[in-house]
Protein chains: 2
Amino acid sequence: MKFIEGGVCAAKGFTAGGIHCGIRKNKEKRDLSIIYSETLAATAATYTTNLVKGAPLTVTKNNIADGYAQAVICNSGNANTCNFDGIEVAEKMCQLLADGLSIKASDVVVASTGVIGQRLDVTPIANSIPALISSLSENGSDNAAEGIMTTDTVKKEVAVEFEIGGKTCHIGGIAKGSGMIHPNMATMLVFITCDCAISPAMLQKALSGDIKNTFNMVSVDGDTSTNDMVTVMCNGMAGNDIIDSEGEAYNEFMKALNSVTMNLCRKIAGDGEGATKLLECKVTGAKDEATAKTVAKSVICSSLLKAAMFGADANWGRVLCAIGYSGADVDVNKIDVSFKSNAGEIPVCVNGAGIEFSEEFAKSILVEKEIEILISLKSGEASATAWGCDLTYEYVKINGDYRT
Amino acid sequence: MKFIEGGVCAAKGFTAGGIHCGIRKNKEKRDLSIIYSETLAATAATYTTNLVKGAPLTVTKNNIADGYAQAVICNSGNANTCNFDGIEVAEKMCQLLADGLSIKASDVVVASTGVIGQRLDVTPIANSIPALISSLSENGSDNAAEGIMTTDTVKKEVAVEFEIGGKTCHIGGIAKGSGMIHPNMATMLVFITCDCAISPAMLQKALSGDIKNTFNMVSVDGDTSTNDMVTVMCNGMAGNDIIDSEGEAYNEFMKALNSVTMNLCRKIAGDGEGATKLLECKVTGAKDEATAKTVAKSVICSSLLKAAMFGADANWGRVLCAIGYSGADVDVNKIDVSFKSNAGEIPVCVNGAGIEFSEEFAKSILVEKEIEILISLKSGEASATAWGCDLTYEYVKINGDYRT
């Protein structure tokens, strides 16, 4: 398995593109993206657990109920959520794209991201369908990744090449996500494409299993979005024997999928709104996986710890505090904590109590861009990792005046 | 019932004081406080639910197990938590004060607040006991309130006069709390004194009932402290018939207690670290109280909403989003949202969808210092209120370098 270029176009038969259609005022920024597969693709998805759900999610869920899709349309600048005609607009987007591509509207995945609660005018999208379809290209992943960005500062793309039964397969994805990131059984907007042959049921199983350890372990600000969605489309053009049960091929696929999702998780957390650092909290020695996850997520969500990391302050008391209120059943008198980065590793707490350490060395570790917070509970064999970012002035600035 | 001056000294027989003993480097800032009752007082307390608990809480819990106390000692600058000799130090603090006052060490309430994980050197406290006791005065509430402050920018004091069975009673309190505020069945540091006669059991019942609607409904940053504690001491010097069961007198006491705690809640939220605004989220029309509380607390905790309020941005989509992920069972298509302040009230969302409104008028409402977020669920009769504050650059600054 190796990382390759190409994003969502790395897999055979997939093209993508993105244009500026006019939803956003800034003409320099693409705001409408497309992904297309030459053939119908087995498709799975997971959705936000927020009770307030974007209209596009309802339409997508309906469209892929049969397990298949062939194209994706996604706009940024407006979430098409909490307005009176959202469903109608999302369905219209599918129909417009389907007509342009000569496919069925029920084979289109539709998504929107941006401000909640405003009507999405479908006119600029309708007027731009020919241009959108013309933008499809084998090198179009980059433009598609740009078209779905909101407050993201970097495009998020990844692709991996792997083998199943002697056949070379490819899987790649693009993601958007920077604020309102606290996925729960779903996440952000992520579109993954793959040329593997796999049944819709096994694909859904793979995706649902994967996100528990990847996207659901990311938090930027504790706010679960209304429009979170991950989709995976597999068009079978790699020519492998179809994966329709568990076994070696399924495991290989899972590994490749996990490489893509894990990579996108780190990219999303590291590009959290206003973030200057990626935080990775690794919990080991937990009595069970649920405990490990609860602890890791609680630490990564603590505003106080996030602000301390921004200041490169080794304030490990905030780690202990966040473990203590997490709700996890842990023995606080056994907890060890270390901070680690490219500059080295420093233990700061042993058996729940502070130890002497060099503030200078700690600082040199914490000024790095990627910080690991290592927590050993010494009560079992289970482990978990969660991803987040620091809390900065810039986060407040971005969100103090996002809408107006 | 009326608000009066005097804080914790408003109740008969109580004196208080505060000095600088040397725990903090800044000699201008008091760091050690005392409260004293002429007679033994029925005493109740509630404590943090954080599994990581400050050593002073364990010692206090033990000391007031018999239902009585006579004095309080509290330092700021060091939380005496997550270190190897915390219990020993907290017990020593009680003994030192008890010796100075000629009372029993087991009648002392001890508390500490400040940095977690560092040893608390008892020497400066031991050396300052005579000065601390000399500071006791009928006008000492102000100095005691200062001695317990950490990142607080204002002293938090309140007192109320009320009547029970024709006898004039007084209840007052001081509080500290600015960051690490997300109480859960306990809270911050709050010391309340009263001259009512009430049994320890009824006092505990009153306190435990009260905090569910007051301190447990406050959040500054979602972080539940390790050292949260509320104590109430009632010395009976008002001369009322002892309250030892429910009834009119108990209800009058509850009302007075609630006036004090509610007032301190608003003061704590309004002085949240870096805050420029007090946010009050009022939920009505919920099917039950638990739903109303869950919704109110989720909204008040949303980093995105808090940042929007800082920017005076009427981004009500973030209110809907926070209701949606709260876990409460609500019909999102029935939700109405308005913003209100001294400048007026503006509806922004009706039946879960946006309505036209004047951005200018909304701005004029949201630039005020106290903002109400009014949510009507239109599904029942239950209601709840939660208090919080906006999220600002200053919060990040304070917490980026709190410890070093």
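The written sequence of each chain sets the order in which its residues are numbered from 1. Chain labels run from A onward and ligand labels from 1 onward, assigned in the order the entries are written. Local features in this predicted model are restricted to residues of pLDDT 70 or higher, and side-chain atom pairs are both shown and tallied only at a pLDDT of 80 or more, whereas totals for entire chains, interfaces and linings draw on every residue. Side-chain numbers come from the whole structure's heavy atoms, not from hydrogens or water.

(A) Highlighting the overall build of chain A. In this description a helix means any DSSP run of H or I spanning at least four residues, a strand means any run of E spanning at least two, and both kinds are numbered starting from the N terminus. Secondary structure summary: chain A contains 11 helices and 15 strands in total. Note on method: radius of gyration uses C-alpha positions; expected globular size equals 2.2 Å times residues raised to 0.38. For 404 residues, the compact-globule formula gives about 22 Å, and the C-alpha radius of gyration of chain A, at 22 Å, lands near that figure. Here the C-alpha coordinates of chain A stretch approximately 70 × 55 × 35 Å along the principal axes. Using a 1.4 Å probe on the protein chains alone, a residue whose accessible area is under 20% of its type maximum counts as buried, one over 50% counts as exposed, and one in between counts as partly exposed. Burial status across chain A gives 63% buried among its 404 residues. Contacts are assigned to residue pairs with any non-hydrogen atoms lying within 4.5 Å of each other. In chain A, the share of contacts with a sequence separation of at least 24, taken over all contacts with a separation of at least 6, comes to 80%. Throughout, the Shrake-Rupley method with a 1.4 Å probe supplies accessible areas, and for residues the shown protein chains are the sole cover considered. Only carbon and sulfur atoms are counted for the fraction: they give 48% of the accessible area of chain A, which is about 14,000 Å².

(B) Region of interest: the relation of the copies chain B and chain A. Rotating chain B by 180 degrees and translating it 0.0 Å along the rotation axis places it on chain A, where the RMSD comes to 0.0 Å. Those values place the two copies in the arrangement expected of a two-fold rotation axis. Proximity to the rotation axis, assessed at the C-alpha, singles out Tyr393 of chain B in chain B; its C-alpha lies 2.4 Å from the axis. In this assembly, 100% of the residues forming the interface of chain B have copies in chain A that are likewise at the interface, indicating an isologous arrangement. Superposing the copies works by least squares over the C-alpha atoms of residues that have pLDDT at least 70 in both of them.

(C) Examining the sheet that holds strand β14 (residues 370-376) of chain B more closely. Residues and elements named next belong to chain B. One open sheet accounts for 6 strands, arranged β13-β12-β11-β14-β10-β15; its pairing is mixed. Every other strand in the sheet has two partners, leaving β13 (353-354) and β15 (382-389) as the edge strands with one partner each. Looking at chain direction, strand β11 (residues 336-341) and β14 are connected through 5 bridges and run antiparallel. Within β14, the residue paired with Asp336 across the bridge is Ser376. Here helix α7 (residues 289-301) sits on the sheet and contacts β10 (278-286), β14 and β15; the angle it forms with β15, its principal contact strand, is near 20 degrees. For every element, the axis is a line fit to its C-alpha atoms; helices are fit only across the contacting stretch, and the angle between N-to-C directions ranges from 0 to 180 degrees. Along the sheet, helix α10 (residues 359-366) makes contact with β11, β12 (344-350) and β14, crossing β12 at roughly 120 degrees. At least two DSSP bridges between two strands are required for those strands to pair.

(D) Structural view of the sheet that holds strand β12 (residues 344-350) of chain A. Residue and element names in this part refer to chain A. Pairing is mixed across the open sheet formed by 6 strands, whose spatial order is β13-β12-β11-β14-β10-β15. Strands with a single pairing partner mark the edges of an open sheet, and in this sheet they are β13 (353-354) and β15 (382-389). Relative to β12, strand β11 (residues 336-341) runs antiparallel, the two sharing 5 bridges. Counterpart to Val337 in the pairing with β12 is Cys349.

(E) Summary view of helix α7 (residues 289-301) of chain A. Residues and elements named next belong to chain A. Taking 1.5 Å of rise per residue, the 13 residues of α7 would be expected to cover 18 Å, and the 18 Å separating its terminal C-alpha atoms lies within 8% of that figure. Listed in full, the buried residues belonging to α7 are Thr291, Ala292, Lys293, Val295, Ala296, Lys297, Ser298, Val299 and Ile300. Where α7 is buried, its residues meet α5 (200-213), β10 (278-286), α8 (303-310), α9 (317-324), β14 (370-376) and β15. Here, expected helix span is obtained from the residue count minus one, scaled by 1.5 Å.

(F) Spotlight on the interface of chain B and chain A. Contacts between the two partners involve 55 residues from chain B, matched on the other side by 55 residues from chain A. Using a 1.4 Å probe, buried area is obtained as the accessible area two parts lose upon being combined, added over both of them. Together chain B and chain A conceal approximately 4,100 Å² of surface at their shared face, both sides included; 60% is due to carbon and sulfur atoms. By convention in these notes, a salt bridge is any Lys or Arg side-chain nitrogen within 4 Å of a carboxyl oxygen on Asp or Glu. For the pair chain B and chain A, the interface holds 0 salt bridges. Under the rule applied, a polar contact is a pair of N or O atoms within 3.5 Å (in protein, one hydrogen donor and one hydrogen acceptor; residues adjacent in sequence only if both atoms are side-chain atoms). In this structure, the connection of chain B to chain A is made through 4 residue pairs in polar contact (both at pLDDT 80 or more). If you list the elements that add at least two residues to the side of chain B that touches chain A, you get α8 (303-310), α9 (317-324), β13, α10 and α11 (393-400) of chain B. Counting residues per element, the side of chain B that touches chain A draws most heavily on α11 of chain B, which supplies 6 residues. Considered class by class, the residues forming the side of chain B that touches chain A number 25 nonpolar, 20 polar and 10 charged. The nonpolar class holds Ala, Val, Leu, Ile, Met, Phe, Trp, Tyr, Cys and Pro. Asp, Glu, Lys and Arg form the charged class, and all remaining residues, Gly among them, are polar.

(G) Looking closely at the side chain of Asp107 of chain A. Residues and elements named next belong to chain A. Within the secondary structure, Asp107 sits in the loop between α2 (86-101) and β5 (108-115). Charged residues are defined narrowly, with Lys and Arg counted positive, Asp and Glu counted negative, and His plus the chain ends left uncounted. No salt bridge is formed by the buried Asp107; the nearest opposite charge belongs to Lys104, separated by 4.4 Å. Residue contacts for Asp107: discarding those within four places in its chain leaves Leu40, Asp66, Tyr68, Ala69, Gln70 and Ala71.

(H) Spatial organisation of the packing of α5 of chain A against helix α6 (residues 248-270) of chain A. Residues and elements named next belong to chain A. Here α5 crosses α6 at 45 degrees, and the two axes come no closer than 10 Å. One finds that α5 runs oblique with respect to α6. For α5 against α6, the interelement crossing comes out right-handed. Every residue of α6 that contacts α5 at Met202, Leu203, Lys205, Ala206, Leu207 and Asp210 is listed here: Tyr250, Phe253, Met254, Leu257, Asn258 and Thr261. With respect to orientation, any angle under 35 degrees is reported as roughly parallel, any angle over 145 as roughly antiparallel, any angle of 65 to 115 as roughly perpendicular, and every other angle as oblique. With the far helix as reference, a near helix turned anticlockwise by less than a right angle produces a left-handed crossing, and one turned clockwise produces a right-handed crossing.

(I) Representation of the pattern of salt bridges within the structure. Residues and elements named next belong to chain A. Summed over all chains, the structure comprises 26 salt bridges over all chains. For Glu252, the salt bridge goes to Lys255, with nearest N and O atoms at 3.5 Å. With a gap of 3 residues between them, Glu252 and Lys255 both fall in helix α6, about one helical turn apart. On the basis of relative accessible area, Glu252 is assigned to the partly exposed category, the value being 27%. Judged by relative accessible area, Lys255 falls into the partly exposed class, the value being 48%.

(J) Layout of the pairing of strand β9 (residues 229-234) of chain B. Residues and elements named next belong to chain B. Of all 6 residues making up β9, 6 are buried, and the element is well covered by its neighbours. Residues Met229, Thr231 and Met233 point to one face of β9 and Val230, Val232 and Cys234 to the other, with burial holding for every one of them. Inspection of the sheet shows strand β3 (residues 32-47) paired to β9 by 6 bridges, in the antiparallel sense. Residue pairing across strands places Ala44 opposite Val232, the latter belonging to β9.

(K) A look at the environment of Lys156 of chain A. Residue and element names in this part refer to chain A. Mapped onto the fold, Lys156 is located in strand β6 (residues 156-164). When sequence neighbours within four positions are dropped, the list of residues in contact with Lys156 reads Ala145, Gly173, Ile174, Ala175, Gly177, Leu264, Lys267, Ile268 and Asp271. Within polar-contact distance, the side chain of Lys156 engages the side chain of Asp152 at 2.7 Å. At 3.2 Å, the side chain of Lys156 and the backbone oxygen of Val154 are in polar contact.

(L) Spatial organisation of α5 of chain A. The end-to-end C-alpha distance of α5 of chain A, which contains 14 residues, comes to 21 Å, matching closely the 20 Å that a straight helix rising 1.5 Å per residue would cover. On its buried face, α5 of chain A is in contact with β3 (32-47), β9 (229-234) and α6 of chain A.

(M) Just the side chain of Ser259 of chain A, in detail. Among the structural elements, Ser259 of chain A can be located in helix α6. With sequence-adjacent residues up to four places away left out, Ser259 of chain A is seen in contact with Met1, Phe3 and Val160 of chain A.

(N) Here's a closer look at the packing of α7 of chain A against α9 of chain A. Residues and elements named next belong to chain A. Two elements in contact, α7 and α9, have axes separated by 8 Å at closest approach and are oriented at 130 degrees. Classified by the angle between their axes, α7 and α9 sit oblique to one another. Viewed along their axes, α7 and α9 form a crossing whose handedness is right-handed. In contact with Val295, Ser298 and Val299 of α7, α9 contributes Val319, Ala322 and Ile323. The residue inventory of the contact of α7 with α9, partitioned by class, reads 5 nonpolar, 1 polar and no charged.

(O) Region of the structure containing the packing of aromatic side chains. Each Phe, Tyr or Trp ring, with Trp reduced to its six-membered ring, pairs with another whose centre is within 6.5 Å; inter-plane angles below 30 degrees give stacked pairs, above 60 give edge-to-face pairs, and intermediate values give tilted ones. The final tally for this structure, using the stated rule, is 3 aromatic pairs over all chains. On the numbers, 5.4 Å between centres and 85 degrees between planes, the contact of Phe310 of chain A with Tyr393 of chain A is edge-to-face. Of this pair, Phe310 of chain A sits in helix α8 while Tyr393 of chain A is found in helix α11 (residues 393-400), placing the two residues 83 residues apart along the sequence. The exposure class assigned to Phe310 of chain A is partly exposed, which follows from its relative accessible area of 24%. Residue Tyr393 of chain A is classed as partly exposed on the basis of its relative accessible area, which comes to 33%. Ring geometry for Tyr393 of chain A against Tyr393 of chain B: centres 6.4 Å apart, planes inclined by 80 degrees, an arrangement best described as edge-to-face. Of this pair, Tyr393 of chain A sits in helix α11 while Tyr393 of chain B sits in helix α11, each in a different chain. Grouping aromatic residues by their ring pairs yields a cluster made of Phe310 and Tyr393 of chain A together with Phe310 and Tyr393 of chain B.

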